[in-house]
Amino acid sequence: MKYINTPLEGLIIFTPKQFVDERGFFMETFRQTDFDKVFEQRNLTAPQLVQENQSRSVKHVLRGLHYQQQFPQGKLVRVSHGCIFDIAVDLRQQSKTYGQWFAQELSADNGYQMWVPPGFAHGFYVLSNLADIIYKCSEYYQPNDEYTLAWNDSTLNIQWPLTKEAHPIVSEKDNPNLNPNIIKFGC
Ligand SMILES: Cc1cn([C@H]2C[C@H](O)[C@@H](COP(=O)(O)OP(=O)(O)O[C@H]3O[C@@H](C)C(=O)[C@@H](O)[C@H]3O)O2)c(=O)[nH]c1=O
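In this text, all values refer to a predicted model and were calculated from it rather than measured experimentally.

Overview of the overall build of the protein
- For the protein, the count of helices and strands is one helix and 13 strands.
- The linear arrangement of helices and strands in the protein, starting from the amino end, is β-β-β-β-α-β-β-β-β-β-β-β-β-β.
- Its C-alpha radius of gyration of 16 Å places the protein within 12% of the 16 Å reference for a compact globule of 187 residues.
- The dimensions of the protein, computed from C-alpha atoms along their principal axes, are 50 × 40 × 30 Å.
- Here the protein holds 187 residues, and 45% of them are scored as buried.
- A separation of at least 24 residues holds for 78% of the contacts in the protein among residues at least 6 apart in sequence.
- For the protein, the accessible surface area stands at approximately 10,500 Å², while carbon and sulfur atoms represent 48% of it.

Printed below as a string of structure tokens:
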């Protein structure tokens, strides 16, 4: 499976080949050896992916930015229906790109997948009427270890593709006005 490196070390975009015919298309969405290769090239061992999640969201939903601290999760994110603006923020303190973010449109049509390495916060904004997101994780969900970084943090200054008239739909946990425990970058 082909992939593209991004400016953030370890964050990559898989670009699976779609075999299109009159029935529709076929693609492999995960191949262990290709996943392993990415890590081997960096003299690292690929993490085991131990949990898979799916969420469905309506247009203008914004989820995130989430991360676990003691048990950081790597996430391999793809979209099986619709289109999202997917975003990862580098929170690895030793990283040259600490505090930088990278965004990629993921859609059912382009089939792209974002590998968000452990140590990043992750979130997305839904661009289509409905979006189904499926992601495999390298660590189990640990609610007591989960943190939310403010999606609108002024230091991060993420350029979300928000339309003026539509406010993002966020959970109470992800709402900086409602959740007193929300994290400000750098604090
Ligand atoms: C993430 C997660 C949630 N849940 C439960 C907790 C809660 O009752 C319900 C909804 O959880 P949340 O509101 O946290 O779901 P959501 O806001 O979709 O959380 C997700 O956001 C994206 C951006 C990510 O990167 C994911 O890792 C995850 O944090 O599902 C699980 O049982 N297992 C899980 O792995």
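Focus: the UniProt feature "active site" (unreviewed entry) in the protein
- Annotation from UniProt places "active site" (unreviewed entry) at H66 and Y135. Taken along the chain, the residues just named run across 70 residues; in space they keep tight, none of their C-alpha pairs more than 13.6 Å apart.
- Relative to the elements of secondary structure, H66 occurs in strand β6 (residues 62–68).
- In contact with H66, other than residues within four places in its own chain, are K75, F120, A121, H122, E146, Y147, T148, K173 and D174.
- For Y135, the location among the structural elements is in strand β12 (residues 130–137).
- The contacts of Y135, once residues within four sequence positions are left out, are Q51, E52, N53, K75, L76 and V77.

Quick word on the site of the ligand
- Near the ligand you find Q51, N53, R63, H66, K75, H122, G123, Y135, Y141, E146 and K173, and these make up its full shell.
- In this structure, R63 approaches the ligand through a side-chain N or O atom, which is 2.8 Å from an oxygen atom.
- Taken by itself the ligand offers 650 Å² of open surface, and the protein chains cover 66% of this.
- For the shell around the ligand, the secondary structure elements donating two or more residues are β5 (51–58), β6 and β11 (120–126).
- The residue makeup of the shell around the ligand, split by class, is two nonpolar, five polar and four charged.

Remarks on the sheet that holds β6
- Within the open sheet, the five strands sit side by side as β9-β8-β11-β6-β13. Their pairing is antiparallel. At either end of the open sheet lies a strand with only one pairing partner, and these are β9 (101–107) and β13 (146–148). Each strand of the sheet is rotated relative to its neighbour by a mean of 25 degrees, with strand direction disregarded.
- Where β6 meets β11, three bridges bridge the pair, whose relative direction is antiparallel. The residue of β11 that forms the bridge with L62 is Y125.

Things to note about helix α1 (residues 32–40)
- Inspection of α1 places D34, F35, V38 and F39 among the buried residues, and these make up the whole buried set. Around the axis of α1, the buried residues are gathered within 145 degrees of arc, so they sit on the same side. Projecting away from the buried face of α1 at angles above 90 degrees are the exposed residues T33 and E40.
- In this structure, the buried side of α1 is in contact with β1 (3–5), β2 (12–14) and β10 (113–116).

Some thoughts on the sheet that holds β1
- Sheet architecture is open: six strands sit in the order β1-β2-β10-β7-β12-β5, paired in antiparallel fashion. Strands with a single pairing partner mark the edges of an open sheet, and in this sheet they are β1 and β5. Strand after strand, the sheet turns through a mean of 25 degrees between neighbouring axes, direction not considered.
- Sheet topology places strand β7 (residues 75–81) next to β10; three bridges connect them, and they run antiparallel. Of the residues in β10, the one forming a bridge with L76 is W115.
- Contacting β1, β2 and β10, α1 crosses the sheet at an angle of about 155 degrees to β2.

About the criteria used
Residues numbered from 1 in each chain as written. Predicted model: local features only at pLDDT ≥ 70, side-chain atom pairs only at ≥ 80, totals over all residues. Heavy atoms only, no water. Helix = DSSP H or I, 4+ residues; strand = E, 2+ residues; numbered from the N terminus. Rg over C-alpha atoms; globule rule 2.2 N^0.38 Å. Buried < 20%, exposed > 50% of the residue type's maximum accessible area, 1.4 Å probe, protein only. Contact = heavy atoms within 4.5 Å. Areas by Shrake-Rupley, 256 points an atom, 1.4 Å probe, with all protein chains shown as cover. UniProt positions renumbered as here; feature names shortened; annotations may be inferred. Near = heavy atom within 4 Å. Polar contact = N/O pair within 3.5 Å; in protein donor to acceptor, adjacent residues only side chain to side chain. Nonpolar A, V, L, I, M, F, W, Y, C, P; charged D, E, K, R; others polar. Pairing = 2+ DSSP bridges. Axes fitted to C-alpha atoms, helices over the stretch in contact; angles between N-to-C directions. Arc of directions from axis to C-beta.

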